[in-house]
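Below, each chain spelled out in residue letters.
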Amino acid sequence: MNTTTKIKIRHPAEAKMLMDALDGNNQAANEVLIYLSSTNPNLRQIMQITIHDLNDDRIWGNLLKCLAIQQWNNQLDCERRTDSDSSERIDNAIIEVLTGDKNEDEKGVKEAVLLKSLESSEPKIRQAAAVILGMRGDPIALSGLDEIIETGTKTWKLRAINALADLRDEHCGKILAKIFIAGGGELHREAGLALRSLGVLAESTWVVLLDHPDSHIRWHAARGLSETGDARTANVLAEGLLDENYAVRWATSDVLAHMGASGVQATLAILSRHRMNEPMRQAAFHALHGIASRKVQKRIKPLVDALRGSAASIEAPVIAQRLLMEWDKVE
């Protein structure tokens, strides 16, 4: 047991139960896990407090094994695992104590166990350690999280997605994109939410996905870029005005309109370089007409009027090119 810092044991009976479990008493281990599986949050909290108070280095390894392969020491952890709701409460309680530290001593002991577990010969132990380290914000977890996305079960993929969102590293976007593209239903939805939560850190990922063959992915990429707040992506995004898919064109025009002046410049560049067809005209008009700034609207009014007219394919490119050449001078 770690004794660097003396901490008062607030629940002596539960502490003895936990120590007996660590010493190999399977009945005591079962009782510990019954606390953690309880529908009574007070009982779960009592055992979580006791786990933190003891801070025995054996606790963290046993809890990680329980989370990863449902074993305590070398025995199945408890019959409660036959009940999916109880099993979920056990896992959530374990994740809470593994991701939260009460003091620096606990943090050091716990992290040493988790880092060692990343090298375990048991894949599920490695994956569980990666998820916890990711949730704790340690980028060393990235390769392990990537492994889960490639080979893990649905439950562990969902946990890896949450860990990648918590980690908030630019490299997380590339990993999340894999499951966003390949995963269906809940996996696809959760990966998309995680990508959006990364904000500007996911920008390079969304830019790559703008060229994906699936129009649904391209649509999400356009929407995702609207949340990065970075005007530098406008020129790449504006290529979506030429997309064959209506929904992608409309999403692109919406995002460009919200980008303001940078969105206008990107739209002008597209109109200047490409032969106009009707779908492109409609998308460009929507992008320009949706600009909120009255100052910008006044400047582009001749182009917006041209895009409304019957000679749009002839007049609009000429006006767009002139406006583009003058834009920086006026700005």
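Residues numbered from 1 in each chain as written. Predicted model: local features only at pLDDT ≥ 70, side-chain atom pairs only at ≥ 80, totals over all residues. Heavy atoms only, no water.

**Student:** If you had to explain the side chain of Gln127 to someone new, which residues and values would you point to?
**Tutor:** With respect to the helices and strands, the residue Gln127 is situated in helix 7 (residues 123-135). Under the relative-accessibility criterion, Gln127 is labelled buried at 9%. A polar contact is formed between the side chain of Gln127 and the side chain of Glu147, at a distance of 3.5 Å. Excluding its chain neighbours within four sequence positions, the residues that come into contact with Gln127 are Glu147, Ile148, Thr151, Gly152 and Trp156. (Helix = DSSP H or I, 4+ residues; strand = E, 2+ residues; numbered from the N terminus. Buried < 20%, exposed > 50% of the residue type's maximum accessible area, 1.4 Å probe, protein only. Polar contact = N/O pair within 3.5 Å; in protein donor to acceptor, adjacent residues only side chain to side chain. Contact = heavy atoms within 4.5 Å.)

**Student:** Residues and numbers for the nonpolar core, please.
**Tutor:** Counting residues in hydrophobic clusters, the biggest one holds 103 residues, and the most contacted among them are Trp60, Leu145, Ile161 and Leu303. Residue contributions to this core peak at eight residues, all from helix 9 (residues 154-167). Apart from residues no more than four positions distant in its own chain, Leu303 is found in contact with Leu268, Leu271, Leu288, Ala316, Ile319, Ala320 and Leu323. (Core = buried A, V, L, I, M, F, W, Y, C linked by side-chain atoms within 4.5 Å.)

**Student:** An account of the packing of aromatic side chains is needed here, citing residue identities and associated values.
**Tutor:** Counted under the stated rule, the structure contains two aromatic pairs. Where Phe180 meets Trp206, the ring centres are 5.9 Å apart and the plane angle is 90 degrees; that geometry is what we call edge-to-face. Separated by 26 residues along the polypeptide, Phe180 in helix 10 (residues 172-182) and Trp206 in helix 12 (residues 203-209) bring together distant segments of the chain. The exposure class of Trp206 is buried, given its relative accessible area of 1%. The interplanar angle of 15 degrees and the centroid separation of 5.4 Å between the aromatic rings of Tyr246 and Trp250 together place this pair among those described as stacked. With a gap of four residues between them, Tyr246 and Trp250 both fall in helix 15 (residues 246-258), about one helical turn apart. Its end group placed over the ring of Trp60, Lys110 keeps NZ or CZ at 4.4 Å from the ring centre. Taking NZ or CZ as reference, Arg299 lies 3.7 Å from the ring centre of Trp327, over its face. (Phe/Tyr/Trp six-rings, centres within 6.5 Å; stacked < 30°, edge-to-face > 60°. Lys NZ or Arg CZ within 6 Å of the ring centre and 35° of its normal.)

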